[in-house]
Amino acid sequence: MHTVTLIRGDGIGPEIAEAALAVIDAAGVSIKWDEVEAGVNAVEKYNTPLPDQVISSLNKTKVGLKAPLTTPVGSGIRSINVELRMKFDLFANLRPAKSFPGLDLPYQDVDLVVVRENTEDLYSGIEHMVTDTISESIKIISRYASERIVRFAFDYARDKGRKKVTAVHKANIMKLSDGLFLDVAREVAKEYPQIEFEDRIVDNMAMQLVLKPQQYDVMVMPNLYGDILSDLCAGLVGGLGLVPGANIGENGAIFEPVHGSAPKYAGKNQANPGAMIMASALMLEHINEKEAARRIEAALTALIKEGKHVTPDLGGSAGTKEMTKALIDLLKN
Ligand code: NAI
């Protein structure tokens, strides 16, 4: 039996986590959940958003399934998500965005994977006031982190039979930092002659993705561009309610939806559980339950295509619970 750390999260987190657990169960996978609290709820109980139990559980299980956590804006509390990624050196953030047939969207047949560097860039948290009126945030780009993320992207492309890797940067302006990232990407690309390689400047990339997303495949980029472009890619395939993310390192992995805790929908049975369920499928793949992962993805695809039992963000009128139940019915039949 697998043991996986579970964080039910804040806002819509508990509702979509419940949905994911029921779906995993219906897919026939037995998991012993090591449940720990983090985020806003944990602050009230343990006086910290990241209690020691979370760290010790992840140290033990090496795999986590996590619903979104709320980060108070500008309060001095560092994002728990960023903290977790840094603590466990989960250097690769994998965000696949794939079209679901049947959704009434301007784009069809999109199949993109954003590979985002997860540990440095402007997320290093090195900020200070230069004077009372001037602030400074420091962008760190290292050869070490660039090399391992680009290599991760190429290994992923090779293992998944993908054809092309595009490195995204702003090396025309940030000649040293993004220049280093691009140089490293070009060097690593030479080790994978069977995979096509190209690079794009990030602003052009944003436009190209909106014009013709089908011409891209795997994209690798520093942290901030990855954060922004992965939300753009989510928009191309039907919004944040469907896109999962994986944070992967040498010593473990945490799977979560790309979206946040959407507080305005909390407790209202309106949130789309799709992204959390897709994150669960990625997690199942990671723990070698590939068939269950495939069945969950296929059932969700069929449910969305049919369109009768989906949440309002997908054009339906089902609640979180109704959508989950319909998915479970599909999985069991
Ligand atoms: P958000 O992703 O929570 O919500 C943005 C909008 O997207 C929502 O207003 C809603 O319209 C839609 N949306 C998101 N998830 C949905 C779902 N499952 N079903 C239907 N619609 C959905 O982003 P926001 O409002 O910027 O952040 C809210 C909180 O979440 C903040 O505290 C933020 O720090 C946190 N956050 C946490 C993340 C994580 O735990 N990995 C990631 C992003 C944000």
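Provided above is the structure to which this section pertains.
Now for a quick tour of the structure.

## Re the sheet that holds strand β8 (residues 164-169)
Taken together, the 10 strands give an open sheet; going across it, the order is β2-β1-β3-β12-β11-β4-β5-β10-β8-β9, and neighbouring strands pair in mixed fashion. Of all the strands in the sheet, just β2 (31-35) and β9 (196-201) have a single pairing partner and so form its edges. Between one strand axis and the next, the sheet turns by 25° as a mean value, whatever way the strands run. Two strands pair when backbone bridges link them, and strand β4 (residues 92-98) and strand β5 (residues 111-117) are joined in this way by 7 bridges, in the antiparallel orientation.

## Digging into the packing of aromatic side chains
In the structure shown here, the tally under the stated rule is 3 aromatic pairs. Summarising the aromatic geometry, the rings of Phe91 and Phe152 are spaced 6.0 Å apart at their centres and angled 85° between planes, so their arrangement reads as edge-to-face. Residue Phe91 is located in the loop between α4 (80-87) and β4, and its partner Phe152 is located in helix α5 (residues 143-159); the two are separated by 61 residues in the primary sequence. Judged by relative accessible area, Phe91 falls into the buried class, the value being 6%. Between Phe154 and Tyr192, the ring centres sit 4.8 Å apart and the planes meet at 20°, which makes this aromatic pair stacked. With Phe154 in helix α5 and Tyr192 in the loop between α6 (177-189) and β9, this pair connects stretches of sequence that are 38 residues apart. Put simply, the rings of Phe154, Tyr192 and Phe197 pair up and form one aromatic cluster. The ring of Tyr123 is capped by Arg116, whose NZ or CZ atom sits 5.2 Å from the centre of that ring.

Reading the values: the criteria
Residues numbered from 1 in each chain as written. Predicted model: local features only at pLDDT ≥ 70, side-chain atom pairs only at ≥ 80, totals over all residues. Heavy atoms only, no water. Pairing = 2+ DSSP bridges. Helix = DSSP H or I, 4+ residues; strand = E, 2+ residues; numbered from the N terminus. Axes fitted to C-alpha atoms, helices over the stretch in contact; angles between N-to-C directions. Phe/Tyr/Trp six-rings, centres within 6.5 Å; stacked < 30°, edge-to-face > 60°. Buried < 20%, exposed > 50% of the residue type's maximum accessible area, 1.4 Å probe, protein only. Lys NZ or Arg CZ within 6 Å of the ring centre and 35° of its normal.

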